[in-house]
Amino acid sequence: MRIHPSAIVSPGAHLGQGVEVGPFTIIEDQVQIGDGCRIGPHCVIKSRVSIGPQCLLDVGVVLGSEPQDAKFQGEESFVRIGARNVLREYVTIHRATGEGQATVVGDDNFLMAYAHLGHNTIVGNHTMIAGYAAIAGHVTIEDRATVGGLVGIHQYTTVGTMAMIGGLTAVNRDVPPYVLAVGVPMQFHGINLVGLRRNGVPEEQRRALVDAFKLIYRSDLNTSEAIATLRAQGELSDIVR
């Protein structure tokens, strides 16, 4: 380990092999940091935070602060972060509300400068969350989703896998998987074809998603009628379902 002399590391924290800790960083007790993590200067990692191996925390990252939730009564809760995540300057992630509950970030995610994750939020794997995104409590962001800069996401909202949310969007309801969402008020503009190609989704499945999107969002049918029409056309593929 390489710990700068000005850093304050509690003897109750557990740091893995090869961890680097920058100047003026504070690491409290009941913290676990995996092998090979690099912790930049002026970071604060509060109690009950665990971080997997090979993560990068840039300047001023703050993890494990109490939730900004009037229901919180000091219960024991957690932040759990997986492996190979990049948290850029001044990212903040809050503990959960509820005894034993956790705010969770999976593996291989990229959170850009000043992004915020509220209490009880669940982030999957391989997501990208751009700068100044403000994500409220109890939000779920599924694998390989992209959240643009200055996006605000309302509490209890789900962003589906491989969805893309454009910058400055106000997300006030669920974003289905694979779609492009943008605007205030938020609108769905089509299928995230670039993201699907980058993630290896075959062309046949991409075409099926486009056809389903047009039927649900661009036809004169309501949602129930559109879904019934899709099912009447034959067995749905997993990705359309």
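Residues numbered from 1 in each chain as written. Predicted model: local features only at pLDDT ≥ 70, side-chain atom pairs only at ≥ 80, totals over all residues. Heavy atoms only, no water.

A word on the environment of Pro-202. Checked against the element boundaries, Pro-202 lands in the loop between helix H1 (193-198) and helix H2 (203-218). In sequence terms Pro-202 and Leu-57 are 145 residues apart; their C-alpha atoms lie 35 Å from each other. (Helix = DSSP H or I, 4+ residues; strand = E, 2+ residues; numbered from the N terminus.)

Right, let's get into H2. Spanning 16 residues, H2 covers 21 Å between terminal C-alpha atoms, matching the ideal 22 Å at 1.5 Å per step. When we look at burial in H2, the residues that qualify are Arg-206, Leu-209, Ala-212, Phe-213 and Leu-215. Turning to H2, the residues buried within the fold contact strand E27 (179-182), strand E28 (187-191), H1 and helix H3 (223-232). (Expected span 1.5 Å × (residues − 1). Buried < 20%, exposed > 50% of the residue type's maximum accessible area, 1.4 Å probe, protein only. Contact = heavy atoms within 4.5 Å.)

Looking now at the environment of Pro-41. Locating Pro-41 in the fold gives a position in the loop between strand E7 (38-39) and strand E8 (44-45). Sequence separation between Pro-41 and Arg-95 is 54 residues, and the spatial gap between their C-alpha atoms is 21 Å. When residues no more than four places from it in sequence are discounted, the contact partners of Pro-41 are Gly-22, Pro-23, Thr-25, Val-59 and Gly-60.

Position of Ser-47 among the secondary structure elements: in the loop between E8 and strand E9 (49-51). At a separation of 2.7 Å, a polar atom in the side chain of Ser-47 contacts the side chain of Asp-29. The contacts of Ser-47, once residues within four sequence positions are left out, are Glu-28, Asp-29, Gln-30, Val-31 and Arg-95. (Polar contact = N/O pair within 3.5 Å; in protein donor to acceptor, adjacent residues only side chain to side chain.)

Spatially, E3-E6-E9-E12-E15-E18-E21-E24 is the arrangement adopted by the eight strands of the open sheet, whose pairing is parallel. Every other strand in the sheet has two partners, leaving strand E3 (14-15) and strand E24 (158-159) as the edge strands with one partner each. Pairing between E3 and strand E6 (residues 31-33): two bridges, direction parallel. Within E6, the residue paired with His-14 across the bridge is Gln-32. (Pairing = 2+ DSSP bridges.)

Applying the stated criterion to the full structure yields nine salt bridges. Two residues, Arg-88 and Asp-58, come together in a salt bridge whose shortest N-O distance is 2.8 Å. Pair noted here: Arg-88 is in the loop between strand E13 (86-87) and strand E14 (92-94) and Asp-58 is in the loop between strand E10 (56-57) and strand E11 (62-65), with a separation of 30 residues, a long-range link. A residue is classified by how much of its surface remains accessible, and Arg-88, at 29% relative accessible area, is partly exposed. By sharing partners, the salt bridges in this structure join Asp-58, Arg-88 and Glu-89 into a single network. (Salt bridge = Lys/Arg side-chain N within 4 Å of Asp/Glu carboxyl O.)

Quick look at the pairing of E28 now. In this structure, E27 lies alongside E28, joined through four bridges in antiparallel fashion. Bridge pairing links Val-182 to Gln-187 in E28. Adjacent in sequence and paired antiparallel, E27 and E28 are bridged by four residues, among which Gly-183 carries a positive phi angle near 110°.

This brings us to the packing of aromatic side chains. Applying the stated criterion across every chain yields a total of four aromatic pairs. Here Tyr-90 and Tyr-114 contribute two aromatic rings whose centre-to-centre distance is 5.2 Å and whose plane-to-plane angle is 25°, an arrangement assigned as stacked. Pair noted here: Tyr-90 is in the loop between E13 and E14 and Tyr-114 is in the loop between strand E16 (110-111) and strand E17 (116-117), with a separation of 24 residues, a long-range link. Here Tyr-90 falls in the partly exposed class, since its relative accessible area comes to 37%. When its relative accessible area of 40% is taken as the criterion, Tyr-114 is described as partly exposed. Relative to Tyr-132, the ring of Tyr-114 has its centre 4.8 Å away and its plane inclined at 10°; by these criteria the two rings are stacked. Remark: Tyr-132 occurs in the loop between strand E19 (128-129) and strand E20 (134-135) and Tyr-114 occurs in the loop between E16 and E17; sequence separation between them is 18 residues. In textbook terms, an aromatic cluster arises when at least three aromatic residues are bridged by ring pairs, as seen for Tyr-90, Tyr-114 and Tyr-132. (Phe/Tyr/Trp six-rings, centres within 6.5 Å; stacked < 30°, edge-to-face > 60°.)

Purely spatial values, then, with no claim about function.
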